[in-house]
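Residues per chain are reported as follows:
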Amino acid sequence: MPLLQVESLSVTRGDRTLIADLSLRVCAGELLHLRGANGAGKTSLLELLAGLRQPSRGRVAVEPEDLTVHWVGHRNGLNPHLSAAENLEFWCGLNGCPRSAARRALTAMRLPAGAQRRPTRTLSAGQKRRAALARLHADTRDLWLLDEPLDGLDRDGIALFSGMLAAHLGAGGMVVMTSHQALPEGLAGVREWELAR
Amino acid sequence: MWTWFHRLASPPSFYRLAERLAPWLGLGAVVLLAFGWFYGLVYAPADYQQKDAFRIIYVHVPAAAVSLSLYSAMAIAGVIVVIWRIKLAECVVVSIAPVGASMTAIALVTGMLWGKPMWGAYWVWDARLTSELVLLFLYLGVIGLHEAFDDARAAARACSLLAIVGSINVPIVKFSVEWWNSLHQGSTIFKMGKASISPDMALPLYAALAGTFLFCAYAVLRRIQNELLWRERGTSWAKEHLSAVTVH
Amino acid sequence: MSGVWAVFAREMRLAGRSKTEWMMPPFFFVIVITLFGLGAEANDPRLADFAPAMLWVAALLSTLLTLERLFRGDLEDGTLEQVCLSRTPLVLATAVKLLAHWVLSGLPLVALSAPLALGLGMRSDAIGVLVLSLALGSPCISLVGGFVAALTVGLPRGGLLLPVLVLPLITPVVVFGAGAVRSVQDGLDPQAPLYFLSAILALCVTLVPWAATAAIRNAFD
């Protein structure tokens, strides 16, 4: 059973303490919804779970040790001069997935074929977000770390995304995500977590 | 062994150790430098070739020796930062840079002043002068990089990486310029075999050398203390210390 | 290994999209050398003596032009964090990116240096050594410059800091590079400086990607 466990974690940046002595655990099929005011350290915590940042104290333990992780940060990770398809194909190449997975994922995110081929700088914010979230389709991974994934998505996009969440959780996956909006209704296994300042 | 090391590397205990050590280093530096410079500048016989101009070695040689040693020390601390992420080592890297830069600048200026009567020019493109100049640039680079960061820990790690890469570079620079051209007189103290310097000249030189090392150790230690206090200003030990200082 | 190709292909494709950016260094290189020629007396034979140093410094400065943007765009749009967290080791991706930078900005300068050297009145045997020395030295510039670019990537004034940090580090490359050409011009054997240049290149290739990787990770922390 996959498991994510955070033990007495602290993060400081300069003389500010972003996260003090945090412990939590996420089990298979669970979605942890991180909430908190701006500057409460939600993004820092996600970056830490992803391994982009080192904790000042405490540790993050995962089970199994080779747990696979998806990361969709608040930045989409799309080069503005390349098309959505080219960006995703590059990502697939980096991660050893077949190139065809990129197109399939974008289509699954209902990004029109025309929009897949245009440089991403010409896409709307919602379309870019769809392209970024298409990574979740392109490769199956145990843990999803998502920073404000709903940002810019329209109603159709949100519905699509909540379907993806439900399928992932149903298959025993784990999600840790931040969102200022309320999560889509009817998701099983959602746990709210308020990060205090 | 390891617990001892950990205790030493913890900010409050190192701060206290430095507090006890620093006055002795400072005192030693003052005594040795006073002796070395007074003896060297007043009593030592004039050089038969260079006359009184040679007396600048009592400042130049120690400064040059220390500038290189400090860079190596900074790079070693840098390795510790990169591998073990020890806070104290971060403070060491950051604290050495300004002291090292000043010593390098002193070595350069005194070298130029010495060069004028000896070689007839303030600046000659010689191996040691040029590599000392590159060393100054490397020090200034570390200082500039440190200033550019907001976060103290990220800054110290970046400086450590730069110091490490620079330290690999220093001998290559030295060698490249040496290959390229050399006018500088051979090293006098560390020459193999018999020393080519009279004992009356050597004694004050050794004293000045040791004094300069002690002075730099003192300056670096004090800077480390400041850096530790600044970084840990939110913690109880630093607050306690600061309030104790203000009461006095 | 698909990651290696993906990084390289992406760099080439991006260069194709923003051609002007990659045209700038060779253009700058040619302009600087032309201005040197114009600044000196017409057909001054001394120009050939200074040509190695001029060409080397001009090549170094032109390479610096593109270094600042090397990782910055990727950091800003979030691609760098995806690369960091991907299955391709970051050190490999970084090394390939630096290789691509050399192919795009160093290689054209190597090719351009021969006609420019001819214009400055250099002898043909010296030109051969010049091209060889640039071929060995320009990858070092891309590598060391890439390390510093990674070090300063997150900094608001990184562009100002970059040349100041790169230039002292690259001194030996310029000394041996221009020195090799000077040796030929003075009728000496250029082998020794060329071997040193190769040794520095070997050192850069093996060590710099690791240092650059650590610097990139530090940019996130």
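Everything discussed here concerns the structure shown above.
Calculation rules
Residues numbered from 1 in each chain as written. Chains lettered and ligands numbered in written order. Predicted model: local features only at pLDDT ≥ 70, side-chain atom pairs only at ≥ 80, totals over all residues. Heavy atoms only, no water. Buried < 20%, exposed > 50% of the residue type's maximum accessible area, 1.4 Å probe, protein only. Helix = DSSP H or I, 4+ residues; strand = E, 2+ residues; numbered from the N terminus. Pairing = 2+ DSSP bridges. Axes fitted to C-alpha atoms, helices over the stretch in contact; angles between N-to-C directions. Contact = heavy atoms within 4.5 Å. Salt bridge = Lys/Arg side-chain N within 4 Å of Asp/Glu carboxyl O. Polar contact = N/O pair within 3.5 Å; in protein donor to acceptor, adjacent residues only side chain to side chain. Buried area = accessible area lost by both parts, 1.4 Å probe. Right-handed = clockwise from strand over helix to strand, strands pointing away. Disulfide = S-S within 2.5 Å.

Asks: Sorry if this is basic, but what is going on with helix H4 (residues 69–77) of chain C here?
Replies: Counting along an α-helix, one turn takes 3.6 residues, and residues three or four places apart therefore face a common direction. Residues and elements named next belong to chain C. Burial of H4 is extensive: seven of the nine residues sit out of reach of the surface. Within H4, burial applies to Leu70, Phe71, Arg72, Gly73, Asp74, Leu75 and Asp77. Once H4 ends, the next one or two residues include Gly78, with phi positive near 90 degrees.

Asks: Would you mind showing me how to read the sheet that holds strand S1 (residues 3–13) of chain A here?
Replies: Neighbouring strands of a sheet are bound in pairs by backbone hydrogen bonds; such pairs are parallel or else antiparallel. All names here are of chain A. Pairing in this open sheet of three strands is antiparallel, and the strands run S2-S1-S4 from one edge to the other. The open sheet has two free edges, formed respectively by strand S2 (16–27) and strand S4 (57–63), since each of these has just one partner strand. Sheet twist, expressed as the mean angle between neighbouring strand axes with direction ignored, is 15 degrees. In the sheet, S1 pairs with S4 via six bridges, with the strands oriented antiparallel. Each residue of the ladder has a partner; that of Ser10, found in S4, is Arg57. Taken strand by strand, helix H1 (residues 42–50) contacts S1, S2 and S4, and its axis lies near 125 degrees from that of S1.

Asks: What exactly am I supposed to notice about the interface of chain C and chain A here?
Replies: Buried accessible area, meaning the area lost when the parts come together, often serves as the stated size of an interface. Taken residue by residue, the interface counts 25 residues in chain C and 28 residues in chain A. Where chain C touches chain A, the interface holds four salt bridges. Close ionic contact of Glu86 of chain A with Arg17 of chain C constitutes a salt bridge, the shortest N to O distance being 2.8 Å. Linking chain C with chain A are 14 residue pairs in polar contact (both at pLDDT 80 or more), by the criterion used here.

Asks: What exactly am I supposed to notice about the interface of chain C and chain B here?
Replies: Residue-level contacts link 26 residues of chain C with 24 residues of chain B. Interface area, chain C with chain B, both sides summed: about 2200 Å², of which 78% is carbon and sulfur. Ranking the residues of chain C by area buried against chain B places Leu151, Leu169 and Asn218 of chain C at the top, with a combined share of 22%. Viewed at the interface, chain B and chain C are joined by four residue pairs in polar contact (both at pLDDT 80 or more). Of all the secondary-structure elements, those providing two or more residues to the side of chain C that touches chain B are helix H7 (124–151), helix H8 (158–185) and helix H9 (191–220) of chain C. Take the side of chain C that touches chain B: its biggest share by element is eleven residues, from H8 of chain C.

Asks: It is not clear to me how the pairing of strand S6 (residues 143–147) of chain A should be interpreted in this structure. Could you clarify?
Replies: Regular strands place side chains that alternate from one sheet face to the opposite one. All names here are of chain A. Among the five residues that make up S6, five are buried, leaving the element largely enclosed by the rest of the structure. Pairing of strand S5 (residues 69–72) with S6, which is carried by four bridges, proceeds in the parallel orientation. Its bridge partner being in S6, Val69 is matched across the sheet by Leu143. In this structure, S6 lies alongside strand S7 (residues 174–178), joined through five bridges in parallel fashion. In the sheet register, Leu143 faces S7, and the bridge partner there is Met174. Where the polypeptide runs from S6 across helix H7 (residues 155–170) and back to S7, its parallel neighbour, the crossover connection is right-handed.

Asks: Could you clarify how one ought to interpret the state of the cysteines in this entry?
Replies: One way to say it: the disulfide is the covalent bond shared by the sulfur atoms of two cysteines. Residue and element names in this part refer to chain B. Taken as a whole, this structure holds zero disulfides over all chains when the rule is applied. With no disulfide of its own, Cys216 has Cys91 as its nearest cysteine by sulfur position, at a separation of 19 Å. The exposure class of Cys216 is buried, given its relative accessible area of 2%.

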